[in-house]
Amino acid sequence: MQSVQPAHFDDWLKQAAAQAPGLKPVVLDVREPWEMQTASVKAGDGFELVAMPMRSVPARYLELERDRPIACLCHHGARSAQVVHFLMSNGFSAVVNIHGGINAWSQQRDPGVPTY
């Protein structure tokens, strides 16, 4: 399973854009709604943010495009790693885990994102 550190997320975005031209990468936030209300990543010019709590992924994963680059995000990286494995076992190839989750995102990328 591939992972990306939040500090290197811009590099991953560039790589994803080069590998899948015309497909905007997705940050798939698999945390619970209350967690997203507590701390959330802001969608940027280079990616779309999709909220899909982990428990809903088996029923909803077909809403995602298989060829679109996806970076999975949770609190510390364990749930998102499980979702990466699930998506890869269901034919998704351009999927990575955001190592350390939103907690690492706050520490490495955007200190304005609260930790919890």
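In short, a report on the structure. None of the values given here were measured: they were computed from a predicted structure.

Scoring rules and cut-offs
- Residues numbered from 1 in each chain as written.
- Predicted model: local features only at pLDDT ≥ 70, side-chain atom pairs only at ≥ 80, totals over all residues.
- Heavy atoms only, no water.
- Salt bridge = Lys/Arg side-chain N within 4 Å of Asp/Glu carboxyl O.
- Helix = DSSP H or I, 4+ residues; strand = E, 2+ residues; numbered from the N terminus.
- Buried < 20%, exposed > 50% of the residue type's maximum accessible area, 1.4 Å probe, protein only.
- Pairing = 2+ DSSP bridges.
- Contact = heavy atoms within 4.5 Å.
- Axes fitted to C-alpha atoms, helices over the stretch in contact; angles between N-to-C directions.
- Arc of directions from axis to C-beta.
- Phe/Tyr/Trp six-rings, centres within 6.5 Å; stacked < 30°, edge-to-face > 60°.

**Points about the pattern of salt bridges**
Point 1. Applying the stated criterion across every chain, the model contains 7 salt bridges.
Point 2. Between Asp 10 and Arg 109 there is a salt bridge; the shortest N-O distance is 2.9 Å. You can see Asp 10 sitting in helix H1 (residues 9–19) and its partner Arg 109 sitting in the segment after helix H5 (101–108), a full 99 residues away along the chain.
Point 3. Exposure remark for Asp 10: the relative accessible area of 40% places this residue in the partly exposed category.
Point 4. Arg 31 serves as the salt-bridge partner of Asp 29, at 2.8 Å between the closest nitrogen and oxygen.
Point 5. Judged by its relative accessible area of 0%, Asp 29 is buried.
Point 6. A single network of salt bridges, built from pairs that share partners, joins Glu 48, Glu 65 and Arg 68.

**Focus on the sheet that holds strand E3 (residues 48–51)**
Point 1. Reading across the sheet, the 5 strands line up as E1-E5-E4-E2-E3 and stay open at both edges, with parallel pairing between neighbours. Looking along the sheet, the strands with just one partner apiece sit at the ends: strand E1 (3–4) and E3.
Point 2. Both strand E4 (residues 70–73) and strand E5 (residues 95–98) contribute to a ladder of 3 bridges, which runs parallel. Paired with Cys 72 across the strands is Asn 97, a residue of E5.
Point 3. H1 contacts E1, strand E2 (26–29), E4 and E5 of the sheet and is inclined by roughly 150° relative to E4.
Point 4. Lying over the sheet, helix H4 (residues 78–89) contacts E2, E4 and E5, oriented at roughly 175° with respect to E5.

**So, H1**
Point 1. Listed in full, the buried residues belonging to H1 are Phe 9, Trp 12, Leu 13 and Ala 16. The buried residues of H1 occupy an angular sector of 105° when projected down its axis, which confines them to one face. Opposite the buried face of H1, at more than 90 degrees from it, the exposed residues are Lys 14 and Ala 18.
Point 2. Where H1 is buried, its residues meet E1, E2, E4, E5 and H5.

**Some thoughts on the packing of aromatic side chains**
Think of a pair of aromatic rings as described by two things: how far the centres are apart, and how the planes are tilted against each other in angle.
Point 1. Under the definition given, this model contains 6 aromatic pairs.
Point 2. Arranged with centres 5.2 Å apart and planes meeting at 90°, the rings of Tyr 61 and Phe 86 form a pair that is edge-to-face. Highlighted residues: Tyr 61 in the loop between helix H3 (57–60) and E4 and Phe 86 in helix H4, separated in sequence by 25 residues.
Point 3. In this structure Phe 86 comes out as partly exposed when scored by relative accessible area, which is 25%.
Point 4. Between Tyr 61 and Phe 92, the ring centres sit 6.2 Å apart and the planes meet at 65°, which makes this aromatic pair edge-to-face. Of the two residues, Tyr 61 sits in the loop between H3 and E4 while Phe 92 sits in the loop between H4 and E5, which places them 31 residues apart along the sequence.
Point 5. Given the relative accessible area of 14%, Tyr 61 is considered buried.
Point 6. Three or more aromatic residues link up through ring pairs in this structure, and these residues are Phe 9, Trp 12, Phe 47 and Trp 105.

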